[in-house]
Amino acid sequence: MNKLNKNFLWGGAVAAHQFEGGWNSDGKGMSIADVMTVGSNSTPRKITDGILENEIYPNHEGIDFYNRYEGDIKLLAELGLKCFRTSIAWSRIFPNGDETQPNEKGLEFYDKLFDECLKYGIEPIITLSHFEMPYHLVKEYGGWRNRKLIDFFVSFAETCFVRYKDKVKYWMTFNEINNQASFSEDFEPFTNSGLLATEDENREALMYQAAHYELVASAKATIIGRKVNPDFYIGCMIAMVPVYPYSCNPKDMMAATKAMQRKYWFADVHVKGHYPSYIESHLDRKGLRSDITKEDRELLQEGTVDYIGLSYYMSKTITYQNNEPVFDYNESNDLVNNPNVESSDWGWHIDPLGLRYGLNWLNERYELPLFIVENGFGAYDTFENETVIDDYRIEYLKAHIETMKDAIEYDGVNVIGYTPWGVIDIVSAGTGEMEKRYGLIYVDKDNQGKGTLKRYRKKSFYWYKKVIESNGEEI
Ligand code: P53
């Protein structure tokens, strides 16, 4: 029976745009996250044309980590984190994205941040592009629909690799690159790729083109990273949202298979270095052939990843609702409620066993080390007596850690670490709310942006500290 390795990377995760604030400090450029307004549980965030008056943009201030990082890292050290996952705000380093020289002040901020982590023995785990890119690249170049973005990204990646080569070992290129498989709304294509489709554009074709350029950019960056420091460990990052068949009707099973293919072909390319045949034939059948060159294919083959970073929050369930043969699925029609699991206040299915299922699925298919770089429970917290008694969050995390341990111990899956999402309360990516909280540390700020920004330890803080100390034995 396999046990958790003594070097198992217990940590916490966040992303630059959701917590740093300082959106225009020290030369930082406007990013795509800076033009997204606050939404709510029932109202989507708006993507505005630049920054408008009378709108609330929660990412502008985040939780002001930019000015408070010393105190915050100290708290994370007290929690006992062995690693800390965050991202580098691209527009701090290249404010417009197409400059030839980086912004030194932006680079200095991450030097200070990584030094602060290393001072406490906390290993930085770094995502290069986490739902973020300079807004200028959207306005001027149309985001990732443009091949030029490959060079801009590679230049950003190389700058970071060279600058931080002795401070950061674990890298990921694009956060949840596969979220854009849901291309029917604006949110995912915009946050992943800076895409806003016009009326006459085919959203699906656009998504496949942008994703292709990103995959090539990721491969190119990976190849360069290995030259900069052969000890780098460079991974991809996939949102693992397994899709179950609703019933044993063979059509539901086939629909689940097609849904899994549409969501995970990105990982096939990252890991195996080529497009899987089911996507090649999907592109042919629907006439979605993109600009894919022979040189691109060679780069994909050479720049494969060392490990798979994944997020896991929920599973989904599908039933096939029409009489056509099963070629594809329709997200808004075919995904249905799963009567066997409960949901969060935001409608996310709570399914701890789905994590073990997802880990098994990835392990069978790829046989690579897996790193759970996001998992957590977004919930409304009640702040009382300077703390939050968040038993529901402890219960959620505990149940997921248990199934992760089962995957390691009984299924032989190689999981190298676990970093709960939003280890300190941050702005929600999906809704822009502060009050969809994931943290083990409470931050006094509400959806309207009001509050002292003071930090407080929740009950889950003390619980997780023990989990880490006992290397997952005491949960
Ligand atoms: P929020 C959708 C489905 C699964 C993960 O999400 C997702 C999303 C996008 O909303 O995103 C990841 O804040 C993402 C984080 C994000 C986190 O999940 O909407 O990598 O940036 O904050 C939680 O509750």
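Scroll up a little and you will see the structure.
Residues numbered from 1 in each chain as written. Predicted model: local features only at pLDDT ≥ 70, side-chain atom pairs only at ≥ 80, totals over all residues. Heavy atoms only, no water.

Q: Sorry, what's going on with the site of the ligand here?
A: With respect to spatial proximity, 16 residues lie near the ligand, and among them Gln 18, Ala 429, Gly 430, Lys 436 and Tyr 438 are the closest. Here an oxygen atom of the ligand and a side-chain polar atom of Gln 18 are 2.7 Å apart. Here an oxygen atom of the ligand and a side-chain polar atom of Asn 175 are 2.9 Å apart. Summarising the interface, the protein chains cover 94% of the accessible area of the ligand, which totals 480 Å² for the free molecule. A breakdown of the residues in the shell around the ligand according to their chemical character gives seven nonpolar, six polar and three charged. (Near = heavy atom within 4 Å. Polar contact = N/O pair within 3.5 Å; in protein donor to acceptor, adjacent residues only side chain to side chain. Areas by Shrake-Rupley, 256 points an atom, 1.4 Å probe, with all protein chains shown as cover. Nonpolar A, V, L, I, M, F, W, Y, C, P; charged D, E, K, R; others polar.)

Q: Explanation requested: the nonpolar core in the structure shown.
A: Nonpolar side chains in soluble globular proteins tend to end up buried together. With 144 residues, the main nonpolar core has Trp 144, Trp 171 and Met 404 as its most contacted residues. Among the elements that make up this core, the one with the highest residue count is helix α8 (residues 203–228) (12 residues). Counting residues in hydrophobic clusters, the runner-up holds 10 residues, among them Leu 9, Ile 125, Tyr 307 and Ile 416. (Core = buried A, V, L, I, M, F, W, Y, C linked by side-chain atoms within 4.5 Å. Buried < 20%, exposed > 50% of the residue type's maximum accessible area, 1.4 Å probe, protein only. Helix = DSSP H or I, 4+ residues; strand = E, 2+ residues; numbered from the N terminus.)

Q: Any chance you could explain the packing of helix α2 (residues 65–79) against helix α4 (residues 104–119) here in plain terms?
A: Working note: a packed helix pair is described by the angle between its axes plus the distance between those axes. Relative orientation of the contacting elements α2 and α4 amounts to 10°, with a least axis distance of 10 Å. With respect to α4, the element α2 is oriented roughly parallel. Side by side, α2 and α4 meet where Phe 65, Tyr 66, Tyr 69, Glu 70 and Ile 73 of the first sit next to Phe 109, Lys 112, Leu 113, Glu 116 and Cys 117 of the second. (Axes fitted to C-alpha atoms, helices over the stretch in contact; angles between N-to-C directions. Parallel < 35°, antiparallel > 145°, perpendicular 65-115°, else oblique. Contact = heavy atoms within 4.5 Å.)

Q: Explanation requested: the pairing of strand β13 (residues 415–418) in the structure shown.
A: Two faces, one strand: in a regular strand the side chains alternate between the faces of the sheet. Both strand β1 (residues 9–13) and β13 contribute to a ladder of two bridges, which runs parallel. When the bridges of β13 are listed, Leu 9 appears paired with Gly 417. Here strand β12 (residues 370–374) runs beside β13; their pairing, made up of three bridges, is parallel. Its bridge partner being in β13, Ile 372 is matched across the sheet by Tyr 418. Regarding the hand of the β-α-β motif, the stretch spanning β12, helix α14 (residues 391–409) and β13 is right-handed. (Pairing = 2+ DSSP bridges. Right-handed = clockwise from strand over helix to strand, strands pointing away.)

Q: Just to check I follow, could you spell out unusual backbone geometry for this structure?
A: In terms of backbone geometry, most residues other than glycine have negative phi values and most peptide bonds are trans. The phi torsion at Leu 453 lies on the positive side, around 70°, for a residue other than glycine. Considering the arrangement of structural elements, one finds Leu 453 in the loop between β14 (441–443) and β15 (455–457). Take Leu 453: its relative accessible area is 7%, and that puts it in the buried class. With a phi angle near 50°, Asn 471 is a residue other than glycine that sits in the positive phi range. Mapped onto the fold, Asn 471 is located in the segment after α15 (459–469).

Q: In this structure, what is going on with the pattern of salt bridges? I would like to understand it.
A: Under the criterion given, the structure shown has 36 salt bridges. Arg 455 is the partner of Asp 72 in a salt bridge, and the nearest nitrogen-oxygen pair spans 2.7 Å. Taken together, the residues span a long stretch of sequence, with Asp 72 in helix α2 and Arg 455 in strand β15 at a distance of 383 residues. Residue Arg 455 is classed as buried on the basis of its relative accessible area of 16%. Across the pair Glu 469 and Lys 465 runs a salt bridge, and its minimum N-O distance is 3.8 Å. Placement of the pair is Glu 469 and Lys 465 together in helix α15, with a separation of four residues, close to one helical turn. On the accessibility criterion, Glu 469 (60% relative accessible area) is exposed. Linked through salt bridges whose partners overlap, the residues forming this network are Asp 381, Asp 390, Arg 393, Asp 425, Arg 437 and Lys 458. (Salt bridge = Lys/Arg side-chain N within 4 Å of Asp/Glu carboxyl O.)

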